[in-house]
Amino acid sequence: MNTFKMLTEVHFGDNALGRLKDIPYNRVLIITDPFVVQSKMIDLVTAPLEAGNKTYEIFCDVVPDAPLDKIAAGVKAFLAYKPDVVVAVGGGSAIDSSKAIREFASKIDNYGKVGLIAIPTTSGTGSEVTSFAVVNDTEAKIKYPLISDELTADEAILDAELVRSVPPAITADTGMDVLTHAIESYVSLRHNEFSSALAEKAIEICGVFLLRAYLDGNDVHARKKMHVASCLAGLSFNTAGLGITHSMAHQLGAKFHIPHGRANAMLMPHIVEYNAGINKHSRSQKEYPPAVKRYTNIAHLLGLSSYNKVMSVRSLVNWIQFMQKEMNIPLTIQELHTVSPEDYFAAIDDMAEAALKDACTPDNPKVPTKEDIVKIYAKLWSF
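Residues numbered from 1 in each chain as written. Predicted model: local features only at pLDDT ≥ 70, side-chain atom pairs only at ≥ 80, totals over all residues. Heavy atoms only, no water.

Peer 1: Would you explain the overall build of the chain in this entry?
Peer 2: Summing up its helical and strand segments, the chain has 13 helices and eight strands in all. A compact globule built from 383 residues should have a C-alpha radius of gyration of about 21 Å, and the chain, at 20 Å, falls within 12% of that. Across its three principal directions, the C-alpha atoms of the chain cover 70 × 45 × 40 Å. Considering only intrachain contacts with a sequence separation of at least 6, the fraction spanning at least 24 residues in the chain is 78%. Surface exposure of the chain reaches about 16000 Å², of which carbon and sulfur atoms provide 54%. One finds the centroid of the 37 positive side-chain charges in the chain at a distance of 4 Å from the centroid of its 44 negative side-chain charges. (Helix = DSSP H or I, 4+ residues; strand = E, 2+ residues; numbered from the N terminus. Rg over C-alpha atoms; globule rule 2.2 N^0.38 Å. Contact = heavy atoms within 4.5 Å. Areas by Shrake-Rupley, 256 points an atom, 1.4 Å probe, with all protein chains shown as cover. Lys, Arg positive; Asp, Glu negative; His and termini not counted. Charge placed at Lys NZ, Arg CZ, Asp CG, Glu CD.)

Below, the structure is given as structure tokens:
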């Protein structure tokens, strides 16, 4: 038996932030990052809270990749303020931090249910509707995925006003994160009709609107579409899971601080080729694994139809790399100019071990070996 469930109420469209005026809570802890406060973006959140006579406190000591020491500071702020609800405002790091802070604080001082409202300021992680959070042990240089229905937000608010000022580079990274979520959940071993429908729509939107949003940040229609696509892809992978693109990207982020969406984008063409087995020329078309048909469907959604399945998958790989080039995302680690070859190749073995143990790996359509992971990491250095 399969089960599909949505635990999060989603508010979207024009003036979605107006929902904050009417939330059934009075004591609000806002968890966000310094930029949201310094840029005055936070005013878009506090204004409706004030209009609804809500009291609030702001914890803004959130940094990328949700390190454990910052989460501990957030737990301390939570326990001191004792909110009715946490309002997470920001990208994946702010929302993941909020999930972890609420969860850990509730375990320390179990004084009742505390709500969680997630308000994303990037169109990428889908964290506002998932039961996942990723925390970062900076000393061990390991990212730990947390998975529990208790982490899921009660409400998500999607308002495109919050993403209009996102710079092109972050639009590119987060947009490719959306695409990766959708593609990986679509080919996952746990995919089903519900998750597939959500993934297909997210892929279709990315194909039409991602490059538009990158080229013109003031294209409000494209921004709205990508914000919705991010949520759709989150709902899809929350049910179906992901794959080794994410498992391997988690290690690149932990070891070398490569932004998560960028790491996904760089890995994805290699993972598609690996899962599909299209480089094994001795196979006949009939012998290709089931993932090939799924990737072929994706190619068709993107208008990349070709005369056979193998060419369709190759066209998908080429399209992903085309999007990388158009949005100035490096194709290789070498192009980043932030990692030495000595450091990178010295880390591959440990990264491969960690990737195999990652929570995303079991849902990959092809069971990887350590040797497989090592080869993909090595290939990622340069062409």
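Peer 1: Please explain the state of the cysteines as it appears in this structure.
Peer 2: Each disulfide consists of one covalent bond between the sulfur atoms belonging to two cysteines. Tallied over the full model, the rule gives zero disulfides. Looking at the unpaired C206, the closest cysteine sulfur is the one in C231, lying at 13 Å. (Disulfide = S-S within 2.5 Å.)

Peer 1: What's the story with the pattern of salt bridges in this structure? I'm lost.
Peer 2: Counted by the stated rule, this structure contains 16 salt bridges. Note that E103 is salt-bridged to K107, the shortest N-O span being 2.7 Å. With E103 and K107 both in helix α4 (residues 92–108), this residue pair falls four residues apart, about one helical turn. The class for E103 is buried, based on a relative accessible area of 17%. Salt-bridge contacts for K113 lead to D154; the nearest nitrogen and oxygen are separated by 3.7 Å. Highlighted residues: K113 in the loop between α4 and β5 (115–120) and D154 in the loop between β7 (142–147) and β8 (155–158), separated in sequence by 41 residues. Residue classification places K113 among the exposed residues on the basis of a relative accessible area of 61%. (Salt bridge = Lys/Arg side-chain N within 4 Å of Asp/Glu carboxyl O. Buried < 20%, exposed > 50% of the residue type's maximum accessible area, 1.4 Å probe, protein only.)

Peer 1: I would appreciate a short explanation of the packing of helix α10 (residues 290–301) against helix α11 (residues 309–326) in the present structure.
Peer 2: Helix packing for two helices is described by the angle between their axes and how far apart those axes are. Put simply, α10 and α11 touch, their axes get as near as 8 Å, and they point 60° apart. In terms of orientation, α10 lies oblique with respect to α11. Considering only the axes of α10 and α11, their crossing is left-handed. Of the residues in α11, those touching α10 at V292, Y295, T296, I298, A299 and H300 are K309, S312, V313, S315 and L316. (Axes fitted to C-alpha atoms, helices over the stretch in contact; angles between N-to-C directions. Parallel < 35°, antiparallel > 145°, perpendicular 65-115°, else oblique. Left-handed = near helix turned anticlockwise from the far one by under 90°.)

Peer 1: Even after reading the chapter, I still don't get the packing of aromatic side chains, so can you show me in this structure?
Peer 2: This model, assessed by the stated rule, comprises six aromatic pairs. An aromatic cluster is built from F256, Y344, F345 and W381, whose rings are joined through pairwise contacts. Just above the ring of Y81 sits the side chain of R27; from NZ or CZ to the centre is 4.1 Å. Over the face of the ring belonging to Y274 we find K366, whose NZ or CZ atom lies 4.1 Å from the ring centre. (Phe/Tyr/Trp six-rings, centres within 6.5 Å; stacked < 30°, edge-to-face > 60°. Lys NZ or Arg CZ within 6 Å of the ring centre and 35° of its normal.)

Peer 1: What should I look at first to understand the side chain of T152 in this one?
Peer 2: Within the element layout of this structure, T152 appears in the loop between β7 and β8. Ignoring sequence-local partners within four residues, the contact set of T152 consists of L7, T8, R102, V129, T130 and S131.

Peer 1: I keep staring at the nonpolar core and nothing clicks. Help me out?
Peer 2: What tends to happen in soluble globular proteins is that the nonpolar side chains get buried as a cluster. Among the nonpolar cores identified, the biggest contains 75 residues, and M176, L252, Y295, I298, I333, Y344 and Y377 are the most heavily contacted of them. Among the elements that take part in this core, helix α6 (residues 193–215) stands out by supplying 10 residues, more than any other. (Core = buried A, V, L, I, M, F, W, Y, C linked by side-chain atoms within 4.5 Å.)

Peer 1: How should I be thinking about the sheet that holds strand β1 (residues 9–12) in this particular structure?
Peer 2: In a beta sheet, neighbouring strands are held together by backbone hydrogen bonds and run either parallel or antiparallel to one another. The strand order across the open sheet built from six strands is β1-β8-β5-β4-β2-β3, with neighbouring strands paired in parallel fashion. Either end of the sheet is taken by a strand with one partner, and the two such strands are β1 and β3 (55–59). Going from strand to strand, the sheet's axes swing by 20° on average, the running direction of each strand aside. Relative to β5, strand β4 (residues 85–90) runs parallel, the two being bridged by six bridges. Considered in β5, the bridge of V86 is made with L116. The strands that helix α2 (residues 43–51) touches are β2 (27–31), β3, β4 and β5; relative to β2, the one it contacts most, it runs at about 180°. Docked against the sheet, helix α3 (residues 68–81) engages β2, β3 and β4, running at close to 160° with respect to β3. (Pairing = 2+ DSSP bridges.)

Peer 1: Hey, could you run me through unusual backbone geometry in this one?
Peer 2: Located in the positive-phi region is N15, a residue other than glycine, with phi close to 55°. Along the chain, N15 turns up in the loop between β1 and β2. N15 sits in the exposed class, given a relative accessible area of 63%. Look at H337: it is not a glycine, yet its phi comes out positive at around 60°. Inspection of the secondary structure assignment puts H337 in the loop between α11 and α12 (341–357).

Peer 1: Please explain helix α8 (residues 244–256) as it appears in this structure.
Peer 2: Side chains that are three or four residues apart share a direction in an α-helix, a result of its 3.6 residues per turn. In this model, α8 (13 residues) spans 18 Å end to end at C-alpha, consistent with the 18 Å of a helix rising 1.5 Å per residue. Within α8, the full set of buried residues consists of I244, T245, H246, S247, M248, A249, H250, Q251, L252, G253, A254 and F256. On its buried face, α8 is in contact with β6 (132–137), β7, α5 (168–187), α9 (260–276), α12 and α13 (370–381). (Expected span 1.5 Å × (residues − 1).)

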